[in-house]
Amino acid sequence: MAVLVAGYGWPGSVVDGGFGATVGCAAGLILRAVRYLLVESAVSGKPARGGRRD
């Protein structure tokens, strides 16, 4: 996860300094969370959130 966040933070820091790095890191964290939810639901076969319970 740290590599992904750093991977998004580095270009942001080049473009806009500290603020860009912060935005890039936030984008990396959000994309990591979305990817985790998608993979988790695909592997388990259950909806990630709010699914019906039978």
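Throughout what follows, the structure given in this document is the object of discussion. (Residues numbered from 1 in each chain as written. Predicted model: local features only at pLDDT ≥ 70, side-chain atom pairs only at ≥ 80, totals over all residues. Heavy atoms only, no water.)

Below, the discussion takes up a nonpolar patch on the surface. A contiguous nonpolar surface patch, about 400 Å² in accessible area, is contributed by Trp10, Val14 and Val15. Position of Val14 among the secondary structure elements: in helix α1 (residues 2–44). (Patch = residues over 30% accessible without salt bridge, like charges linked within 9 Å, V, L, I, M, F, W, Y side chains within 5 Å. Areas by Shrake-Rupley, 256 points an atom, 1.4 Å probe, with all protein chains shown as cover. Salt bridge = Lys/Arg side-chain N within 4 Å of Asp/Glu carboxyl O. Helix = DSSP H or I, 4+ residues; strand = E, 2+ residues; numbered from the N terminus.)

So, on to α1. Taking 1.5 Å of rise per residue, the 43 residues of α1 would be expected to cover 63 Å, yet its terminal C-alpha atoms sit only 25 Å apart, more than 12% below that figure. In α1, a bend of some 150° at Asp16 exceeds every other bend along the element. Along α1, the positions that sit buried rather than exposed are Val5, Gly9, Gly12, Gly20, Ala21, Gly24, Gly28 and Ser41. (Expected span 1.5 Å × (residues − 1). Bend = angle between axes of the 7 residues up to and from the residue. Buried < 20%, exposed > 50% of the residue type's maximum accessible area, 1.4 Å probe, protein only.)

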